[in-house]
Amino acid sequence: MDKIRIMGGNPLVGDIRVSGAKNAALPLMAASLLTDQPLHLTSVPDLSDILSMIELLTHMGAEITFDRRIDSSSMTLCVKNLSDTTAPYDVVRKMRASVLVLGPLVARAGEAHVSLPGGCAIGTRPIDLHLKGLEALGAEITLEGGYIHAKAPNGLQGGTFTFPIVSVTGTENLMMAATLAKGTTRLINVAREPEIADLAACLTGMGAKISGIGTDTLIIEGVESLQGTTHRVISDRIEAGTYAMAAAITKGNLRLKGACLDLIPTVASLLQQAGVELEEEGEDLIVRSPSAPLQGVDMMTEPFPGFATDLQAQWMALMTLSEGASMITETIWENRFMHVPELCRMGANITIHGSSALVRGVKALKGAPVMATDLRASVSLVMAGLVAEGETVIHRVYHLDRGYEHLEEKLRNCGAEIERIQ
Ligand code: UD1
């Protein structure tokens, strides 16, 4: 299994182009199930999760061409014949976002059979709200043999559904389903993550009628059918936030091409409180590190526009070297501190108290062999390795390939000593 070896100590200096967002591209790909015409997506990140979604959609009859180029991959998806409405266990267990096919399948074919995803390293991750929401649109749901069976033989009906907890993919699934339902759907207390507005923009381009985009209530007027369109995937705010923090932890200066502050409002504000300078210049975000040590700043994860849980591990890595202390509270996932023991093996001083972790800044981290446990935890270890004294070897790096396009190249081009080894 591949490992990543890093010799720490080099500041990151240079330019990094931020890729298209994985969490936007996955629902956009699923949206191709809603029409028999081609959907053309540009700025698609070349990641293993994208390949898993290709595998899943191909299994359902999609014809997909993926033109893979560094920084500008594009994809055309066409589901002329929807030949299979099953999302098998083998794909769903690899990638939980496979559940995004559920809404589009029921909307277009009147049925879907999707394997229950089960838990994952960061929590139990239920999908009860996706199912209750589909029931509110008239679908009949049964669970059997580890599969969700959803049926709406006469098509979905518009309805009202209020999310008791904000859910990103839940909102996306129901929004896609509602585009082809008969009548009006009101989705209340929806997630406001930028990836949802991106999906809504693409669906609108396909002929859907959606209002309230960017607010906590979406109103969708169902239409008879949707058509193809061309859509550019928004830039990856989690990748941008990660590299901004990587610049800060290594005391470097980076130009993040294609990043913008609007996509990371709380992250930007906390970075500035810690002492990092951020400045937008045209379509780029410039990150400058102060020569003085960073200050410890408390952080709590929240749905957008709050601090993204997918940047919690990276913030923690950054805080390990700050002056003072930082209380980090995770409110979205119940088991998202698996990077803590690994960071401690590198010399960090972190204690966990329930859903909070108290990070007391230390003078230096030391390289060590460490184990990646999930996608964002892995990259926090890369960040720690970039600044640690000596060599860090990160095991189980396949997690990184799910979410960071050309990670080693991007970091190496900015001065990092990082390589993939067997
Ligand atoms: C999405 C992101 C993931 C990110 C997460 C939170 C994608 C593909 N993945 O995941 O990277 O970490 O948002 O920002 O976009 N919940 C329920 N019942 C449900 C659905 C969710 O109780 O039916 C709970 C979850 O357990 C969790 C919270 O709601 O505590 C938020 O989860 P949700 O927003 O649904 O996460 P995902 O959409 O799976």
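These numbers come from a predicted model, not from an experiment. (Residues numbered from 1 in each chain as written. Predicted model: local features only at pLDDT ≥ 70, side-chain atom pairs only at ≥ 80, totals over all residues. Heavy atoms only, no water.)

### Remarks on the packing of aromatic side chains
- Within this structure, the stated rule accounts for two aromatic pairs.
- Residues Phe307 and Trp315 carry aromatic rings whose centres are separated by 5.7 Å and whose planes lie at 70 degrees to one another, so their mutual orientation is edge-to-face. Summarising the burial analysis for this pair, Phe307 and Trp315 share the class buried. (Phe/Tyr/Trp six-rings, centres within 6.5 Å; stacked < 30°, edge-to-face > 60°. Buried < 20%, exposed > 50% of the residue type's maximum accessible area, 1.4 Å probe, protein only.)

### What to know about the sheet that holds strand β10 (residues 160-162)
- Here four strands make up an open sheet; going across it, the order is β10-β11-β13-β12 and the pairing mixed. Every other strand in the sheet has two partners, leaving β10 and β12 (209-211) as the edge strands with one partner each. Strand-to-strand, the axes of this sheet are offset by a mean angle of 15 degrees, without reference to chain direction.
- Two strands pair when backbone bridges link them, and strand β11 (residues 184-188) and strand β13 (residues 217-221) are joined in this way by five bridges, in the antiparallel orientation. By the bridge assignment, Thr185 is partnered in β13 with Ile220. (Pairing = 2+ DSSP bridges. Helix = DSSP H or I, 4+ residues; strand = E, 2+ residues; numbered from the N terminus. Axes fitted to C-alpha atoms, helices over the stretch in contact; angles between N-to-C directions.)

### Focus: the pairing of strand β7 (residues 111-115)
- When you tally the buried positions in β7, you get four out of five residues, the bulk of the element.
- Note: strand β6 (residues 86-87) against β7, two bridges, orientation parallel. What sits directly across from Thr86, in β7, is His113.
- Note: β7 against strand β9 (residues 147-151), five bridges, orientation antiparallel. The partner of Val114 across the bridge, within β9, is Ile148.

### Some remarks on the site of the ligand
- Near the ligand there are 18 residues, and of these Asp128, Ser167, Thr169, Asp310 and Ile332 occur at the shortest range.
- The side chain of Asp310 places a nitrogen or oxygen atom 2.6 Å from an oxygen atom of the ligand.
- When the ligand is considered free in solution it has 740 Å² of accessible area, and contact with the protein chains removes 85% of it.
- Looking at the shell around the ligand, the elements that each hand over two or more residues are α5 (128-136) and α6 (168-179).
- Counting residues per element, the shell around the ligand draws most heavily on α5, at three residues.
- Grouping the constituent residues of the shell around the ligand by class yields nine nonpolar, five polar and four charged. (Near = heavy atom within 4 Å. Polar contact = N/O pair within 3.5 Å; in protein donor to acceptor, adjacent residues only side chain to side chain. Areas by Shrake-Rupley, 256 points an atom, 1.4 Å probe, with all protein chains shown as cover. Nonpolar A, V, L, I, M, F, W, Y, C, P; charged D, E, K, R; others polar.)

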